[in-house]
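# Structural features, examined
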Amino acid sequence: MKFRTEVIINKYPVQIEHQSQIITFGSCFAQNIGEYFKFYRFNILENPFGILYNSASIYNSINLLFENKKFKKSDLIYYQEQWHSFYHHSNFSETDWKKCIQNINNSLKNALKFLENSKFVILTFGTSYVYKFNKTNLIVSNCHKLPQSNFTRFRLSVEENINYITSAIKLLSQINPNINVILTVSPIRHLKDGAAENQLSKASLLLAIDEVVNNADNSYYFPSYEIMLDELRDYRFYAQDMLHPGKSAIDYIWEKFSDAFFSDECKSIMKEVGKISKAKNHIPRNKEVKSYQTFLLNQIDLIDKLSKKYPHLNLLDDKIFFKSQLK
């Protein structure tokens, strides 16, 4: 007997390898998946603008990279004793405007260089709802807790989502003609909008992405939203807030993503690299004992063997860490 429906995902025509540079833009779900890429030592740059929720904000961010934008003081706002950018997460906010601009411009420079050499970009959309700053009509990426009266809130239509996503992909292809774009809708529920409104918001994104993927050769849709909704619909798969996927759900979605996008050789490497990552996270009771020192030497030996067999793997930081623990 079958007690649940499974979302069947066939292998995609493009495959991710460890030598493939990957950059992500989007919601906190993109960060969740990014942690897995980092755990298995993929070459990934995660959300260079911080968390982005909607298609307009993602387009705006990519457009800044395309324009090779250099931020100035006039591009910032000052509120509650800090300088902020409407294009960036509050992680970039600073009490010193010069430091704020320096961090933003360094991130822009690094992101553009990374994107130019990337093989994949993952765009994760969380909602169709946006906030427009009334003074400039800019759809902001973060309101930075300014009073609600400064903004107009509305839901992007299917057509507007199509235009923003299509425009973002065109810019990405101009920056890097070899880029492959993976699109997904975050399974995180935005119930502050209301249950029905959340569904309408997600539906607008799903319809838009379907239209985009059908008309763009370098774009692919991964159904993380559908996996959560159909296969993992029970509340035990949610975090305590009942809005975000729990760890077991994210583990499962990552497993489905791996089966769809990774080659057999890539998954074999991941198993070996995963052992190193787990070993690095291991906290011994006593670092001085001989058994732990032998454990460290074994990890260094494994890293050397993997690095020789797969020269494209970057395990240098891991090797430095294990060597630093030797007595």
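Structure report, in brief. (Residues numbered from 1 in each chain as written. Predicted model: local features only at pLDDT ≥ 70, side-chain atom pairs only at ≥ 80, totals over all residues. Heavy atoms only, no water.)

### So, the sheet that holds strand 7 (residues 138–139)
What the three strands build is an open sheet, ordered 7-6-8; its pairing is antiparallel. What marks the edges here is a single partner per strand, and that holds for strand 7 and strand 8 (151–155). Judged from the five bridges that link them, strand 6 (residues 129–133) and strand 8 form a sheet pairing that is antiparallel. Counterpart to Phe-133 in the pairing with strand 8 is Phe-151. (Pairing = 2+ DSSP bridges. Helix = DSSP H or I, 4+ residues; strand = E, 2+ residues; numbered from the N terminus.)

### Focus on the sheet that holds strand 1 (residues 22–26)
Sheet architecture is open: five strands sit in the order 2-1-5-9-10, paired in parallel fashion. Each having just a single partner strand, strand 2 (44–46) and strand 10 (219–221) make up the two edges of the open sheet. Sheet twist, expressed as the mean angle between neighbouring strand axes with direction ignored, is 20 degrees. Note that strand 5 (residues 120–125) and strand 9 (residues 180–185) share six bridges and pair parallel. Each bridged residue has a counterpart across the sheet, and for Leu-123 the counterpart in strand 9 is Leu-183. (Axes fitted to C-alpha atoms, helices over the stretch in contact; angles between N-to-C directions.)

### Some words on the pairing of strand 5
For strand 5, the tally of buried residues reaches six of six residues, placing the bulk of the element in the interior. Side chains of strand 5 alternate between two faces, with Phe-120, Ile-122 and Thr-124 and Val-121, Leu-123 and Phe-125 buried alike. Note: strand 1 against strand 5, five bridges, orientation parallel. In the strand pairing of strand 5, Gly-26 is matched with Thr-124. (Buried < 20%, exposed > 50% of the residue type's maximum accessible area, 1.4 Å probe, protein only.)

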